[in-house]
Amino acid sequence: MSVRKSAIVTGGTRGIGRAIVESLADGNLQNFSADVLFVYNSCETCAKEIEEQFKNTDVNVIGIQSDVTSFDKAQEVVNLALEKFGKLDILVNNAGITKDNLLLRMSEKDFDDVINVNLKSVFNYTKAAFKPMMKQRGGRIVNISSIVGIIGNAGQSNYAASKAGIIGFTKSTAKEFASRNITVNAVTPGFIETEMTAALNEKQREALLVNIPLKRIGQSQDVAKLVKFLCSSNADYITGQVISVDGGMVM
Ligand code: NAD
């Protein structure tokens, strides 16, 4: 029989986050299904569509509009998950934005916004989720970073700093939480086909493909499959790791 877990996913309405919500809820993957509370920024129609998708299944998938930059709101979302599902086994910190520019032209606001949404949110949700996971004597936290946090990228100093910050935060909390049986890992996607990357033109895509040994752009499901594995019992002995899903771009 498939095990039932409970999860929070930030940024779950589209792209990688949506694929993560769908894979966590799917009991045919990695021998467990999860009730999922997903957080989003603005698209209520998108949230309703995902809720509808799971309406006649045996899992509860609920969307909630909440700004991930606020610690108090993160606490509220964690409390809501506990109220709805009775426990919290999994946290996936996925919400992220880009506000690209060369440093010379980057405003202080664009730097702060990206750090707040991408990095401070990980602090907010991890801190709020730690207590219930500690009381339950176990949990899984997966943070979505980026290969840009490892190799850097011109025009993305704010984004790269936030994603490198996630890696340091992941390793530190993995060490702090290990004795509580809570694992913390980071996933670093390469170039994945989502709304975030839709703005790239054909020339930019071709230039990127030259550096991808597997010669294709990644899909959100490629990332979601790894996240599901890291949340499963097959990954019991894995913590503090940074794992790339990038078609071999960085090796
Ligand atoms: P996306 O833009 O398609 O989706 C982002 C999600 O984050 C949305 O659901 C949005 O509602 C949510 N969000 C944004 N700001 C928020 C806020 N203030 N409060 C609450 N929710 C908020 O992005 P994506 O391409 O699916 O990327 C998901 C994650 O993967 C991000 O952290 C991104 O940095 C990372 N990533 C993406 C790629 C890629 O190629 N797409 C590569 C590496 C890493």
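Definitions and limits used
Residues numbered from 1 in each chain as written. Predicted model: local features only at pLDDT ≥ 70, side-chain atom pairs only at ≥ 80, totals over all residues. Heavy atoms only, no water. Buried < 20%, exposed > 50% of the residue type's maximum accessible area, 1.4 Å probe, protein only. Helix = DSSP H or I, 4+ residues; strand = E, 2+ residues; numbered from the N terminus. Phe/Tyr/Trp six-rings, centres within 6.5 Å; stacked < 30°, edge-to-face > 60°. Lys NZ or Arg CZ within 6 Å of the ring centre and 35° of its normal. Expected span 1.5 Å × (residues − 1). Arc of directions from axis to C-beta. Contact = heavy atoms within 4.5 Å. Polar contact = N/O pair within 3.5 Å; in protein donor to acceptor, adjacent residues only side chain to side chain. Near = heavy atom within 4 Å. Areas by Shrake-Rupley, 256 points an atom, 1.4 Å probe, with all protein chains shown as cover. Salt bridge = Lys/Arg side-chain N within 4 Å of Asp/Glu carboxyl O.

Peer 1: Before we move on, can you summarise the pairing of strand β6 (residues 182-189) with the specific residues and values?
Peer 2: Of all the eight residues making up β6, eight are buried; the element is thus mostly covered by neighbouring parts of the structure. Burial along β6 is two-sided: the residues Ile182, Val184, Ala186 and Thr188 and Thr183, Asn185, Val187 and Pro189 are all buried.

Peer 1: How would you explain the packing of aromatic side chains if you had to name every residue and give the values?
Peer 2: As enumerated under the stated definition, the model contains three aromatic pairs in all. Geometrically, the ring pair formed by phenylalanine 71 and phenylalanine 123 is tilted, given 6.3 Å between the ring centres and 40° between the ring planes. Taken together, the residues span a long stretch of sequence, with phenylalanine 71 in helix α3 (residues 71-85) and phenylalanine 123 in helix α4 (residues 108-135) at a distance of 52 residues. Given the relative accessible area of 37%, phenylalanine 123 is considered partly exposed. Each ring, one from phenylalanine 130 and one from phenylalanine 177, has its centre 4.2 Å from the other, and the planes form 15°; the classification is stacked. Of this pair, phenylalanine 130 sits in helix α4 while phenylalanine 177 is found in helix α6 (residues 157-177), placing the two residues 47 residues apart along the sequence. When the ring centre of phenylalanine 32 is taken as reference, the NZ or CZ atom of lysine 5 above it lies at 4.6 Å.

Peer 1: Describe in detail α3, supporting the description with residues and values.
Peer 2: The terminal C-alpha atoms of α3 lie 21 Å apart, and with 15 residues this matches the ideal 21 Å at 1.5 Å per residue to within 8%. Within α3 the residues assigned to the buried category are Ala74, Val77, Val78, Ala81 and Phe85. Relative to the axis of α3, the buried residues are bounded by an arc of 100° and lie together on one face. Of the exposed residues in α3, those oriented more than 90 degrees away from the buried face are Asp72, Glu76 and Glu83. Lining the buried residues of α3 we find β1 (3-10), β2 (32-40), β3 (61-65) and α4. Two or three places before aspartate 72, at the start of α3, stands the capping residue serine 70, its side-chain oxygen 3.4 Å from that residue's backbone nitrogen.

Peer 1: Describe the site of the ligand, with residues and values.
Peer 2: If you check the shell around the ligand, you find 29 residues, and the closest are Thr13, Arg14, Asn94, Tyr159 and Thr194. Side-chain polar atom of threonine 13 to an oxygen atom of the ligand: 2.8 Å apart, as the coordinates give it. When the ligand sits alone it has 830 Å² of accessible area, and the protein chains cover 94% of it. Sorting the residues of the shell around the ligand by element identifies α1 (15-25) and α6 as the ones contributing at least two each.

Peer 1: Tell me about the pattern of salt bridges, residues and numbers included.
Peer 2: As enumerated under the stated definition, the model contains twelve salt bridges in all. Taking the shortest distance from any N to any O, the salt bridge between lysine 99 and aspartate 113 comes out at 2.8 Å. Taken as a pair, lysine 99 in the loop between β4 (90-93) and α4 and aspartate 113 in helix α4 lie far apart in primary sequence, 14 residues in all. Owing to a relative accessible area of 29%, lysine 99 belongs among the partly exposed residues under this scheme. The class for aspartate 113 is buried, based on a relative accessible area of 17%. Salt bridges linked by common partners bring Arg4, Asp35 and Asp58 together as one network.

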